[in-house]
Amino acid sequence: MSEQNQQVQFGEQEEGINIRELAEKYFRHWHWFLIGTLITISIAFIYLRYSVAQFESKASVLIKDDEQSGGFGDLSVFKDLGIMGGSGNLENEIEVFKSRKLLEAVAKKLHLNFKLELIGDNSGLIRGEVYDKAPIDVISAEEDSLFYEEEFGLEITMLDKEKFTATEVEGKELGTFTYGAILKTKTGKIIVNKSKDYGKKWFDRSILFTITPMEKVVTDLQKGISIEAVNKDAMVLSISIKGPQIQKNNDIINELIVQHEIDAIEDKNEVATNTSKFINERMKYIAAELSDVETEGEEYKSKYNLVDVASDAAVYLSKESETEKAITQATIQLSLADFMNEYIQKHQGYSELLPANLGFEDQSITLMTTQYNDLVLDRNRLLQNSGEKNPTVQKIEGQLAGLKSSLVVSLKNLRSALQLELKKLKSQEQLYQSKISSIPQFEREYRDILRQQQIKETLYLYLLQKREENEITLAASVANTKVVDYAYNNGEPVSPKKKIIYLGAFLVGLIIPAGILYLRDLLDNKVHGIKDLEGTQLPCLGELPNSEEGTDVVVNRTARTGIAEAFRLLRTNISFMLDKEDNGGKVIFVTSTVAKEGKSFTSINLAHTIAISGKKVALVGLDLRAPKFIEYLGIEKAKGVSNYLADQQIGLGDITIPSPVQENLWVIPSGDIPPNPSELLMKQKLKDMFKELRENYDFIIVDTAPVGLVTDTLLVQEESDMVVYVVRANYIDKRMVNIPVTLYSDKKLKNMAVVVNGTDLKGKAYGYGYGYGYGYGYGYGSDQDKKKKGIFSRFRK
């Protein structure tokens, strides 16, 4: 029979990744993944428990293009005054919004260098900033600029409704104080006041008050504020900031928008302000010159006792006209007072607005009317969401009643004053009419003085006109931004995101064990099963699983365990590899690379397995250097092969021992350990021994020395019909597989085949090579095994 037919060859190794195999390999360690995910999820829970939630506030601002905007309406007629002009640039505006100048103005306005943080009851840990609901307010008792450069911390413990203690973070106790008292610190003087949220729940609790240098505050704002264009086609900027306090985020963004508007208006008004300053200075100078010219004209008239009759007449006519206008105006004011009084009497409730901007010269009436209307609007807004018994609504109604009463009194007083004024004006009108009728019809010329006076007046009026135009410019200046949305927040934290963190923790809990297993497999250099021998072209007889019997002999007639079935399958596979020609007993060598790979264990149980089948079997110990199987079989030390080879007087029958536990099995021990085992094995008597064994036994199982350590096995391998090469799983290094591969390729061992010993088949869904992974003893089992199965055995009938 050819060698190709005698050998059981491995197939070529599959290319690619076997997903099922990979999954099952990791699933066998499911408890690692369970523990890993429990640990990482617990860490995530602790992190989320003690981390401070971050919220994001956003606002939208439209950058207006003044040249294209139609929002100014009729103000476009003032374009020649420089009111209109300039265009917004998104990139420039982003830089302006993030400038340190504006951010510093925001920080100073909101006192962001002052911070109040709540301290845990017993832990002493900072639990978070209290901003809009702080129980106390801390203000500076000196100039704010004194606190812009310093860094300072103060722990404030609220004792009761009147007192608190203060301790610097360095440990210096400042003492006990009453609220509103001035505290002298190393940085400056501060005052601690109670806020509207102060109450008993804050007693014996502590708050950390810190002062941060303004430069650091501004730098943090620059890093925290994000400003970007909504899209490339819109002139809209989105302003956002993240922080633990929603109200603080909103205040910062809204104040930044306000400061930007102020800065933009001041920038536009810079030229107009300088122009106004110049005009005012020139008007003072012209007014002085005009006064000198008028004084000169008066002195001239007095010197010559001259009267300008025409001018006097014109004056009287003008005064009479002015008096008539005053009478008309007073009459109008009196009518307005009567109208307003009648309106108030007619509308006694608080839901109606009073007429505004009627033209009252008495500003107090206009002011009270405005205040009254503002309160009415506030009341109406409150009533949309609350009833009339709301304390705030009732408070506003009280204020409205007071204002209405004051307004009625003011109207009454105004009416009385107007009546007196009308009487006086009518008397003056009669006086001017009498003077006009008595003025002589002549005039005096003083054209030179009058010409100078007219020039000065004309120049003065021109400057006055320009000043008014400049004031219009100042009044009409608006920022180049329009708020689309003020700062808002949806109430959902942007970080930490619980779902993502838990998902990440779960994945990490899976990845870490998987990585450890992968790294372990990557660094693993041990042979674990037949699959590790794929690609070596070594013929394989099968796998022997780990024995759980606790004995060295695991095979008997009634054994239905997995390892017993494995040896039966090994017996079958060996029969396929042996020559079927009848030329006497078959000699099977059992060897390994190194010691402790289980060759003696394999030899013993293989011999028992073949003997059970009714064949005569001789188990020969040819490992003369470290004999083991005698003690495994429980046989007392006796003469053996070494004694047989060394002493010509000893025959084969003298060293042959029948097995005390298995019929058809005879044991030939190794004998005493000789000093020259290799030389003994080279004697002719060894060949005679094997010749005699072949004649008397069907199978001769020979336990030989490891081939990786000594040459004993190679010296006698010609006596074998087959060599069973034992490779121990989880013990032998993969690099040492090169030894059996070399021996096989060089044909140094006759009819060699490999058996993998000590494999761990638990948890495998399928095996390699010959399919032991389905479980040895499937469908079989001893009575004791069946009893262990309990009630489930009934379902197998």
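This structure is a prediction, so every number in the text was calculated from the model and none was measured.

**Here we look at the overall build of the protein**
When its secondary structure is counted, the protein shows 22 helices and 21 strands. Expressed as a percentage of the 797 residues in the protein, the buried residues total 40%. Counted over contacts in the protein with a minimum sequence separation of 6, partners at least 24 positions apart contribute 77%. Carbon together with sulfur atoms contributes 52% to the accessible area of the protein, which is approximately 45,700 Å² in total.

**What about the pattern of salt bridges?**
Using the criterion set out here, one finds 19 salt bridges in the structure. For Glu129, the salt bridge goes to Lys248, with nearest N and O atoms at 3.0 Å. Within this pair, whereas Glu129 is found in strand E3 (residues 126-129), its partner Lys248 is found in helix H7 (residues 246-303), the two being separated by 119 residues in sequence. On the accessibility criterion, Glu129 (13% relative accessible area) is buried. A relative accessible area of 14% means that Lys248 is categorised as buried. Close ionic contact of Asp733 with Arg735 constitutes a salt bridge, the shortest N to O distance being 2.9 Å. The exposure class assigned to Arg735 is exposed, which follows from its relative accessible area of 63%.

**Notes on the sheet that holds strand E11 (residues 225-229)**
The 4 strands are arranged E11-E12-E1-E13 in an open sheet whose pairing can be described as antiparallel. The strands lining the two open edges of the sheet, one partner per strand, are E11 and strand E13 (481-488). Between one strand axis and the next, the sheet turns by 15° as a mean value, whatever way the strands run. Judged from the 5 bridges that link them, strand E1 (residues 55-63) and E13 form a sheet pairing that is antiparallel. Bridge assignment links Ser60 to a residue of E13, and that residue is Asp485. Across the sheet, helix H6 (residues 214-224) lies against E11 and strand E12 (236-243), angled at about 40° from E11, the strand it touches most.

**Notes on the packing of helix H3 (residues 30-50) against helix H12 (residues 498-523)**
Running from N to C, H3 and H12 cross one another at 145°; their axes reach a closest spacing of 8 Å. Between H3 and H12 the crossing geometry is right-handed. Across the contact of H3 with H12, the residue classes tally to 17 nonpolar, 4 polar and 2 charged.

**A word on the environment of Tyr343**
Note that Tyr343 resides in helix H8 (residues 309-346). Separated by 11 residues in the primary sequence, Tyr343 and Leu354 have C-alpha atoms spaced 8.0 Å apart.

**Description of the packing of aromatic side chains**
Tallied over the full model, the rule gives 9 aromatic pairs. With a centroid separation of 5.9 Å and 65° between ring planes, the pair formed by Phe567 and Phe601 is classed as edge-to-face. Taken as a pair, Phe567 in helix H13 (residues 562-577) and Phe601 in helix H14 (residues 599-612) lie far apart in primary sequence, 34 residues in all. Like Phe601, Phe567 is buried.

**Some thoughts on a nonpolar patch on the surface**
The grouping of Ile41, Leu503, Phe506, Leu507 and Ile511 at the surface amounts to a nonpolar patch, some 440 Å² of accessible area in total. If you tally residues by element for the nonpolar patch, the top one is H12, at 4 residues.

**Points about a negative patch on the surface**
A cluster of acidic residues, Asp292, Glu294, Glu296, Glu298, Glu299 and Glu457, forms a negative patch on the protein surface. Here the negative patch takes 5 residues from H7, the largest share from any one element. If you trace the backbone, Glu298 turns up in helix H7.

**Remarks on the sheet that holds strand E4 (residues 136-140)**
Strands sit in the order E4-E9-E8 across an open sheet of 3 strands; the sheet is antiparallel. Because the sheet does not close on itself, it has two edges, and the strands there are E4 and strand E8 (182-184). On average, each strand axis in the sheet is inclined to that of its neighbour by 30°, with strand direction left out of account. One ladder, built from 3 bridges, connects E8 with strand E9 (residues 189-194); its direction is antiparallel.

**Topic: the pairing of strand E6 (residues 163-168)**
The side chains of a regular strand alternate, first on one face of the sheet and then on the other. Every second residue of E6 is oriented toward a common face, the buried set being Phe164, Ala166 and Glu168 and the non-buried set Lys163, Thr165 and Thr167. Joining the antiparallel neighbours strand E5 (residues 152-158) and E6 is a turn of 4 residues. In textbook terms, the turn of a hairpin is the stretch between consecutive antiparallel strands, and for E6 and strand E7 (residues 173-178) this stretch comprises 4 residues, one of which, Gly171, has a positive phi near 110°.

**What to know about the packing of helix H5 (residues 100-110) against H6**
The geometry of a pair of packed helices is captured by two quantities: the angle between their axes and the separation between those axes. In contact at an axis separation of 9 Å, H5 and H6 are set at 115° when each is read in the N-to-C sense. In terms of their interaxial angle, H5 and H6 are classed as roughly perpendicular. Where H5 crosses over H6, the two elements pack in a sense that is right-handed. The segment H5 lies against H6, with Arg100, Leu103, Glu104, Ala107 and Lys108 engaging Met214, Glu215, Val217, Val218, Thr219, Leu221 and Gln222. Among the residues making up the contact of H5 with H6, the classes are represented as 6 nonpolar, 2 polar and 4 charged.

**What about unusual backbone geometry?**
Negative phi characterises most residues that are not glycine, and trans characterises most peptide bonds. A cis amide bond links Ser495 to the next residue, Pro496, at an omega of -10°. Note on placement: Pro496 falls in the loop between E13 and H12. Positive phi values are uncommon outside glycine, yet Asp204 reaches one of about 65°. The phi dihedral of Lys747 is positive, around 60°, even though this residue is not glycine. With respect to the helices and strands, the residue Lys747 is situated in the loop between helix H21 (738-745) and strand E21 (752-759). Lys747 gets classed as exposed once you look at its relative accessible area, which sits at 53%.

**Quick notes on H3**
Counting along an α-helix, one turn takes 3.6 residues, and residues three or four places apart therefore face a common direction. The end-to-end C-alpha distance of H3, which contains 21 residues, comes to 31 Å, matching closely the 30 Å that a straight helix rising 1.5 Å per residue would cover. All buried positions along H3 are accounted for by Phe33, Gly36, Thr37, Thr40, Ala44 and Leu48. Along H3, the residues classed as buried sweep out an arc of 100° about the axis, all on the same side. Seen from the open side of H3, the exposed residues pointing more than 90 degrees away from its buried face are Leu38, Ile43, Arg49 and Tyr50. Looking at the buried residues of H3, the elements they touch are helix H2 (19-27) and H12.

Analysis parameters
- Residues numbered from 1 in each chain as written.
- Predicted model: local features only at pLDDT ≥ 70, side-chain atom pairs only at ≥ 80, totals over all residues.
- Heavy atoms only, no water.
- Helix = DSSP H or I, 4+ residues; strand = E, 2+ residues; numbered from the N terminus.
- Buried < 20%, exposed > 50% of the residue type's maximum accessible area, 1.4 Å probe, protein only.
- Contact = heavy atoms within 4.5 Å.
- Areas by Shrake-Rupley, 256 points an atom, 1.4 Å probe, with all protein chains shown as cover.
- Salt bridge = Lys/Arg side-chain N within 4 Å of Asp/Glu carboxyl O.
- Pairing = 2+ DSSP bridges.
- Axes fitted to C-alpha atoms, helices over the stretch in contact; angles between N-to-C directions.
- Left-handed = near helix turned anticlockwise from the far one by under 90°.
- Nonpolar A, V, L, I, M, F, W, Y, C, P; charged D, E, K, R; others polar.
- Phe/Tyr/Trp six-rings, centres within 6.5 Å; stacked < 30°, edge-to-face > 60°.
- Patch = residues over 30% accessible without salt bridge, like charges linked within 9 Å, V, L, I, M, F, W, Y side chains within 5 Å.
- Lys, Arg positive; Asp, Glu negative; His and termini not counted.
- Charge placed at Lys NZ, Arg CZ, Asp CG, Glu CD.
- Parallel < 35°, antiparallel > 145°, perpendicular 65-115°, else oblique.
- Expected span 1.5 Å × (residues − 1).
- Arc of directions from axis to C-beta.

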